[in-house]
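Take a look at the letters that make up each chain.
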Amino acid sequence: MATAGERAKGRGAGGNGGQQSPSAHRPPRSGVGDEVGHAGHPLYRRGLLKSGISALVLFLAAGMPYAIARFLAPAASRPAPRHNAKVSPRPRNRMRPPGALADDAAFIAACIGCGLCGEVCPPRAIVFHAREGGGAVNTPYIDPEARACTLCGKCMPVCPTEALTVVPREKIDMGLAQIDRTACYPWVDRGICGACVSVCPLGERAIGFKQWNQYKPLVRKGCVGCGLCVEVCPHPSKPIWIVDRSEGSVAKHSI
Amino acid sequence: MKEHASTQAGTAVHKPFFLWRHLNKLRWVVLSLVFSMLVLLPMLHLYQTYVAAHAYDLLAPSEKRLYDAMELLTSPFVSDPEKQLDAVKGTTWSGTLFGLKLSDPLAVVGQMAAGLTIYWPFLVTALIPIGFTVVFGRFFCGWICPATFLYELNSNIAGWLHWAGFRIGGRRFDKRIKYGVLALGVVVSAATGSIAFAAIYPPAIIGREIYYAVALSGFGAGAAFFAGTLLFDLLVARRGFCRYLCPGGALYSLLGRYRLVRIRRIVESCNDCAKCNVVCEFGLDPLRDGFGQECNNCTACIAVCPTDAMTFVLRPTDVPPQGPGHLGRQYRRAMEKAAGEAAGRERDRGARAAGDGESTSRPEREEAA
Amino acid sequence: MAGKVGAASGVLRRPRASVGALGLVLQGLAAFAFVLAVLCSGARAHHVLGRPAYSLNEDSNTPPAIQVETQVGDYAINYMIFPAFPRPGVPGRINFYARKIDGSGPFKGKVTFQVKDNSWAAWFGFGGEPETLGVQVIDDNVYRQGFLFQKPGDYIITAAFKDGDMPYVIDFPLRIGPPSRVGPVAIAAGLILALLIGVSVVQRRRAMTGKLRAAHAGGGSGAKHTGGADGAEGEAP
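The rules we used
Residues numbered from 1 in each chain as written. Chains lettered and ligands numbered in written order. Predicted model: local features only at pLDDT ≥ 70, side-chain atom pairs only at ≥ 80, totals over all residues. Heavy atoms only, no water. Helix = DSSP H or I, 4+ residues; strand = E, 2+ residues; numbered from the N terminus. Buried < 20%, exposed > 50% of the residue type's maximum accessible area, 1.4 Å probe, protein only. Contact = heavy atoms within 4.5 Å. Buried area = accessible area lost by both parts, 1.4 Å probe. Salt bridge = Lys/Arg side-chain N within 4 Å of Asp/Glu carboxyl O. Polar contact = N/O pair within 3.5 Å; in protein donor to acceptor, adjacent residues only side chain to side chain. Nonpolar A, V, L, I, M, F, W, Y, C, P; charged D, E, K, R; others polar. pLDDT = per-residue confidence, 0-100. Expected span 1.5 Å × (residues − 1). Bend = angle between axes of the 7 residues up to and from the residue.

J.: With reference to specific residues and values, describe the overall build of chain B.
T.: Each helix and strand in chain B was counted, giving 20 helices and five strands. For chain B, buried positions account for 55% of its 369 residues. Across chain B, the fraction of contacts at a sequence separation of at least 24, relative to all contacts at a separation of at least 6, is 74%.

Shown next as structure tokens:
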């Protein structure tokens, strides 16, 4: 560095007779210093090394905010399984909004985290992953236990990317409701309820009673997994929840 | 010698159009409007929700106040708030403006990198911003960005603190770092499949966090990150995040490199007071015609110039350095010196001496070398 | 300080007030016990805490304001507060279940319920002392504690019991009255924004002076047309 400074100083002194150039205090930059045919010159090699190191530092510094964000965010964690998790597949209370790409990785890649779907959602059911989402941070989800989707369909057209595509109401596939028959009040003969059936926006093709005057709910094929039944279920342990369609099963028979 | 020709050609000292020095005020109005819209939109959304639910009687007092205020605000313009208020939705990251879908070009870049595909309908939403950026350069950073609103206020605070005796925030780094951030963000997005920019891009964070705070009650992690950038700007480097780190700024700088509308110094009116350099938020060098691709046309230098020596021009590149301003001491001394030297020879002085004075030392250096 | 404490203790009217409304509470408990007796044959059943009773007054089954299932030490704790929207002047109750995770049945000792202020003032030490709501014994596998708050606000309910020598203390938040819309972070953000705008508007000349001084102190923006590298650090490529 001393040699570089001397060189520059020498130039400055020789050049404009004592009129101090600020470049005297700095290593010469390209265009002033070592531009002419010094390919093998040690200074040139040092410049190469320096720019290489600064590029590396730059690269690392640039990555720091993201690295910090990733470090702070624990891996996407699902809630601890319930005590009745053995009865049926895991509850899925992080559902993607209606019309979401089926593959979650593709959904995360397509979602730009603009929040528009949440902004138009009338029941404010669509909320967003925060740090706990890990790589899925800022992407939307619906927790039907907190607030369920009403299948109004406003979120799909506002999405600027293909993360949410417009699909008709019956073709929405957020999952499938599952009922724990060892806890649901009518199924264990502890009274009548029917809240899930009466709230279902899709009606008979999605959920119905087992038989006339028997308030035992049965999920049918038409269920799209909106989660309204989960939201209204009065049982504190929520014996109805949403699972992936592949993991769930529906009533084979109907009245 | 070329610069002389151009200077000579414009010997008639043209003054900038008189409204241009008021553009900075207009800019503050626009910035405040954008920011307050970001605060207002979630409230309007809550209001829509309440209207849709016919829930006025069930609302808590604070919610009733919100309902009343929003009703007061919107009733002159909309008859069916539940539907019509959807006309303006979203943030500067991506949103709908009266049926027009607009997205941040950075969002498009990030989404393309993360998804490894090009989704044309989404790309189309960024065309208007890209077009404006090509013409007006990095204008988003100076005129729209909701983070700029806070960052510039923060920079005033830094100035005030400096006045009060706190010597902080004077560091300078390499402005090319942000291009590295942009490149790294693209790489990380492609590698992880999620859009890394959304986590560190201040306007996206601001829009999102305000929405979270108002509609979903509670700030997220982004607010802490943004507060960190505010502190960084205050304590380490003035406008540090925008100057050195912002990937969006990097993208706009690249897009706006050959912008048509740019600011230019009128050397004949300039008195070298250097106020333009002081007010320049991006640390550019208007005094020596050093605008470059980073300039965001914020017009702060036009507004502050005491001699109306800054104006807009239509040209794809900056003018070459024009030397010291003709009203300045440096130019006058050079002129006197040249006049003294040229006393023997008669009537051979003028702009040539100005151009070749001690001001442009590059040729001298070459001679010295 | 003392005055604040006094005021805070006036805020809460607990067991004595509840004793005053003893009849009401007893009625409620009796109704509750009746429903339990009718609907629950097994000891480990959920105690019909939801809406199927189709009656939403505070003496009947209502949805809980909060319901927390958690595990502390050897005990699985289920904790609920009724009614769904606790309001000042309206009696409510806490139901507390503690059961051994090894399946050896519920905890059978005494549980002490305390309350303390969790408002902003309390964060800065003006919240007053925690006050005891009551000490409850097990009743049909549940510890029930009634309460009656006179003022809206944020409170923390503490349930404490001792299993042998091992003390267990569990804290739960309780909001009485409508939720406040402005949280601490929002207040902080508002203050920062107000500071930013206020200083920028009121002190704009001084801020400008400061910027000028900073520029002169830092160099790099001087008026000299020295050309070349000065002020051109990190020029864009």
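J.: Got a sec to walk through the interface of chain B and chain A? Specific residues and values, please.
T.: Each side of the interface is counted separately: chain B has 49 residues, and chain A has 44 residues. Summing both partners gives a buried area of about 3700 Å² for chain B against chain A, and 62% of it is carried by carbon and sulfur. Put simply, chain B and chain A have one salt bridge between them. Linking lysine 154 of chain A and aspartate 86 of chain B is a salt bridge whose minimum nitrogen-to-oxygen distance equals 3.0 Å. The tally of links between chain B and chain A comes to eleven residue pairs in polar contact (both at pLDDT 80 or more). Each residue belonging to the side of chain B that touches chain A can be placed in one class, and the counts come to 24 nonpolar, 16 polar and nine charged.

J.: Any chance you could break down the confidence of the model for chain C for me, citing the residues and the numbers?
T.: Residues shown with low pLDDT carry predicted positions that ought not to be read at fine detail. Residue and element names in this part refer to chain C. Looking at chain C as a whole, its pLDDT mean stands at 69, while 60% of the residues score no less than 70. Of all secondary-structure elements in chain C, the lowest mean pLDDT belongs to helix α1 (residues 2–11), at 38, while strand β5 (residues 110–117) reaches the highest, 90. Confidence drops under a pLDDT of 50 for residues 36–61, and excluding neighbours within four residues, the segment shows 62 contacts in the predicted structure. Segment residues 227–237: pLDDT under 50, and 22 contacts once partners within four positions in sequence are set aside and those in other chains are kept.

J.: Give me the pattern of salt bridges: which residues, what numbers.
T.: This model, assessed by the stated rule, comprises 23 salt bridges over all chains. The residue arginine 96 of chain A makes a salt bridge to aspartate 104 of chain A at a minimum N-O spacing of 2.8 Å. A relative accessible area of 9% means that arginine 96 of chain A is categorised as buried. The class for aspartate 104 of chain A is partly exposed, based on a relative accessible area of 35%. A cluster of three or more residues bridged by salt bridges with shared partners is formed by Arg27, Glu152, Arg238, Arg239 and Glu281 of chain B together with Lys211 of chain C.

J.: Requested: an account of helix α2 (residues 23–53) of chain B, with residues and values cited.
T.: Residue and element names in this part refer to chain B. Under the 1.5 Å per step criterion, the end-to-end length of α2 is 44 Å for 31 residues, consistent within 8% with the ideal 45 Å. For α2, the principal kink sits at leucine 38 and spans about 25°; a proline, proline 42, occurs within the next four residues. Within two residues after α2, histidine 54 carries a phi angle of roughly 50°, on the positive side.

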